[in-house]
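Chain by chain, the residues:
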Amino acid sequence: MKKATGIVRRIDELGRVVIPKEIRRTLRIREGDPLEIFTDREGQIILKKYSPIGELNEFSQEYCDSLYESTNYTAMISDRDYIIAIAGGSKREYLDKRISPELEKLIENRSNYVTEKDNKPIKITYEDGNFEKYSSQVIAPIVMQGDPIGSVIMVSKDEEADMGKLEMKLAETAAGFLSKQMEG
């Protein structure tokens, strides 16, 4: 699906083209983000945000399935923009949905997150209107060669659920493992 923007840019002497700020903001392209370059038969150049973790979709799904089977908590994996895998929860509600600004900030800051007395649940997706339904959450960023590239998330709606150090360690282990899979 093509959408004309009416914006025209010239290539400079080094072969560079500036992507307008409005487009970068809308597509959430940040300075330093890798872009994949495609061409088609009509001579078009297509730029696409590159998601290193997106290369591991099938593997990420298997890891989510495994986390869910061993903990009974909904398990999700995100890249820096979208939920790319889920087990134990509604695929329709989460899969391929844009992550929330709160989750994006945790990933960027390379911060672990556990709901406790002072930490209330955060929104997972942008459209997550009923995030208070989570009684417990654990989030671990996936960091590859120093760069934050996604997260491993476990959530529960069960009031009896009390995620803590063990669940955090599971999420950190998953994040570390996924990072190593991408490097290797």
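Remember, it's a predicted structure, so these values are computed and weren't measured experimentally.

About the thresholds
- Residues numbered from 1 in each chain as written.
- Predicted model: local features only at pLDDT ≥ 70, side-chain atom pairs only at ≥ 80, totals over all residues.
- Heavy atoms only, no water.
- Salt bridge = Lys/Arg side-chain N within 4 Å of Asp/Glu carboxyl O.
- Helix = DSSP H or I, 4+ residues; strand = E, 2+ residues; numbered from the N terminus.
- Buried < 20%, exposed > 50% of the residue type's maximum accessible area, 1.4 Å probe, protein only.
- Pairing = 2+ DSSP bridges.
- Contact = heavy atoms within 4.5 Å.
- Axes fitted to C-alpha atoms, helices over the stretch in contact; angles between N-to-C directions.

### Here we look at the pattern of salt bridges
So, point 1. The tally for this structure, following the rule as stated, stands at five salt bridges.
So, point 2. As a salt-bridge pair, Arg80 and Glu108 come within 3.5 Å of each other at their nearest N and O atoms. Of this pair, Arg80 sits in the loop between strand E3 (74-78) and strand E4 (83-87) while Glu108 sits in helix H4 (residues 101-108); the two residues are 28 residues apart in sequence, bridging distant segments of the chain.
So, point 3. Taking the shortest distance from any N to any O, the salt bridge between Asp128 and Lys133 comes out at 3.1 Å. Each member of the pair, Asp128 as well as Lys133, carries the same accessibility label: buried.

### Side note on the sheet that holds strand E7 (residues 147-156)
So, point 1. Taken together, five strands build an open sheet; the order of strands is E4-E3-E7-E6-E5 and the sheet is antiparallel. The sheet terminates laterally at E4 and strand E5 (113-114), the two strands that pair on one side only.
So, point 2. In this structure, E3 lies alongside E7, joined through five bridges in antiparallel fashion. Paired with Ile77 across the bridge in E7 is Val152.
So, point 3. The strands touched by helix H2 (residues 57-71) are E3, E4 and E7; relative to E4, the strand with the most contacts, the crossing angle is about 35°.
So, point 4. Against the sheet, helix H5 (residues 165-183) engages E3, E5, strand E6 (136-144) and E7, with an angle of about 25° to E6.

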